[in-house]
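Spelled out from the first residue to the last, the chains are:
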Amino acid sequence: MHRSALPWILACLLLLLGLLVVGLRVGSYETDFALLGRTLLHYNPQDPAQLVLVELRLPRLLLALLAGAALALSGYLMQIMVNNPLADPYLLGMASGGALGASVTFAFVPVLVVGGFYLPPLAALVGALGTTLVVVIIGSRRGRIVPAQLLLAGVAVGSLTTALGGLLTFLAATEEKLRTITFWALGGFERASWAVLPYPAAAVGLGLLAVLLLRNNLNLLLLGEERATALGLPVARTRWLLLLIASGLTGTVVALCGPVGFVGLVVPHITRWLLGAVGRGNLVFCALLGGTFLVFCDLLARLLYPPAGLPVGLVTALFGVPFFVYLLRKQGT
C-alpha cells in the first residue's frame, strides 16, 4: 500500500524539534528557555551557560541525529538487499568490522589526528568495508550474492571480529586506552564536537543522495531476484552498490559513537508500517525517523542516570531486543 510521506515527515520534524529543545535543557548545568532564546539571538562564548549549550549539548544532539539517520538508512538498504526483515548492519558484520578497525587505532596508534584528519572514522570505514568484502565472498556463489548464505556469513564473521575486538581490549597497553575502548564499545556521543560532525554529515548526505538515485532499483529488488532480472535490473551490481553505501554509513557511525545497535532493525520496520514498502518518501522519512529515535534514546539515557547518562547502546537495546523477539515469533507463525 502506498501512502503519502509528507504528513509523517512533518510530524517527525515537529517531534524532533521538541526533542532538541528538551535535549538542550537537560544536563548538569541548569538552563531555561530564556537562555536558549538569548543564545539563539546572540551567542556569547564568554557566558559559561551559552558555551555549554553551543559547544557540548548541541553537537551531541546533532551527532545523535546524524548517527540515527545513517544507521536507519543502512538497515533499510540491508533489508531490501537480502529481502529479509531481520537484516541490519550488525547482523551482517559491518558494525563489528568497523568496531574492530576503530579499536586498532584506539589501542595501538599514539596519535589519533594526522594532518587534520581524525583517524578512527577512517579505520572504522576500512574495517567495515573489509568485513563486508569477506562476508560477501563467503556469502556468494559463482559471483552472485545468496541472501541466506550472506546472513549466515555475516553472523560468523561478525562473531570473529567481535572476539578480536575483545582481544584488543585485553591487550590494551595502558589503563587510559582500556578505558577509552571500553566506554566507546558501550556506545555514546561523548566525543561529539563541531570538529567531528562533518564526517557523519557527509556520510549521510552522500548516502541519502546515492540511494535516492537508486530508488527505482530498490523497488525492483523488492519484487525478487528473478523478476528484477527479467525487468532489466543488474541485480548483482545493485547489491554491491548497496553494500558499499551501507558499509560507509555504518563504519563512520561506529567510529564516532561506538556500536549502537538495533536502530537499523527497528526504524525501517516502522517506516514500512506507516508508509508501505515502496513510498516515494520512504528513504527520507526513514533517515529522519532514525535520527529522531536516537535523539530520544540519548535524552532518555541522560534522564535515567544523570548527570553522566547511560551508554546509549543500552537504551536502544531496551527497545531493540523485544522488537527482535517479536519479529522472530512473527516469522515463525
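Cut-offs applied
- Residues numbered from 1 in each chain as written.
- Predicted model: local features only at pLDDT ≥ 70, side-chain atom pairs only at ≥ 80, totals over all residues.
- Heavy atoms only, no water.
- Salt bridge = Lys/Arg side-chain N within 4 Å of Asp/Glu carboxyl O.
- Helix = DSSP H or I, 4+ residues; strand = E, 2+ residues; numbered from the N terminus.
- Buried < 20%, exposed > 50% of the residue type's maximum accessible area, 1.4 Å probe, protein only.
- UniProt positions renumbered as here; feature names shortened; annotations may be inferred.
- Phe/Tyr/Trp six-rings, centres within 6.5 Å; stacked < 30°, edge-to-face > 60°.
- Lys NZ or Arg CZ within 6 Å of the ring centre and 35° of its normal.

Considering all chains together, one arrives at three salt bridges under this definition. The closest approach of N and O atoms between arginine 60 and aspartate 298, which form a salt bridge, is 2.8 Å. Separated by 238 residues along the polypeptide, arginine 60 in helix α3 (residues 48-82) and aspartate 298 in helix α13 (residues 282-304) bring together distant segments of the chain. The burial state of arginine 60 is the same as that of aspartate 298; both residues are buried. The closest approach of N and O atoms between aspartate 298 and arginine 302, which form a salt bridge, is 3.7 Å. Placement of both aspartate 298 and arginine 302 in helix α13 is noted, with a separation of four residues, approximately one turn of the helix. For the pair shown, aspartate 298 and arginine 302 are each scored as buried. If you follow the salt bridges from partner to partner, you end up with Arg60, Glu190, Asp298 and Arg302 in one network.

So, about the UniProt feature "transmembrane region" (unreviewed entry) in the protein chain. Residues annotated by UniProt as "transmembrane region" (unreviewed entry) correspond here to residues 61-78, 90-112, 118-138, 150-172, 192-214, 240-267, 273-296 and 308-328. The straight-line gap between the two end C-alpha atoms of residues 90-112 is 25 Å; of that span, 65% is helix and 0% is strand. Taken end to end, residues 150-172 has its terminal C-alpha atoms 32 Å apart, with 96% of it in helix and 0% in strand.

Take the packing of aromatic side chains next. All told, the structure shown has five aromatic pairs when counted by the stated rule. With a centroid separation of 6.5 Å and an interplanar angle of 75°, the aromatic rings of tryptophan 273 and tyrosine 326 are classed as edge-to-face. Of this pair, tryptophan 273 sits in helix α12 (residues 263-275) while tyrosine 326 sits in helix α14 (residues 312-332), placing them 53 residues apart in sequence. Relative accessible area serves as the criterion here: at 40%, tyrosine 326 is assigned to the partly exposed category. On the basis of an interplanar angle of 75° and a centroid distance of 5.8 Å, the ring pair of phenylalanine 293 and phenylalanine 319 is categorised as edge-to-face. Of this pair, phenylalanine 293 sits in helix α13 while phenylalanine 319 sits in helix α14, placing them 26 residues apart in sequence. Clustering of aromatic rings is evident, with ring pairs tying together Trp273, Phe323 and Tyr326. The lysine or arginine in question, arginine 25, covers the ring of phenylalanine 33, its NZ or CZ lying 4.5 Å from the ring centre.

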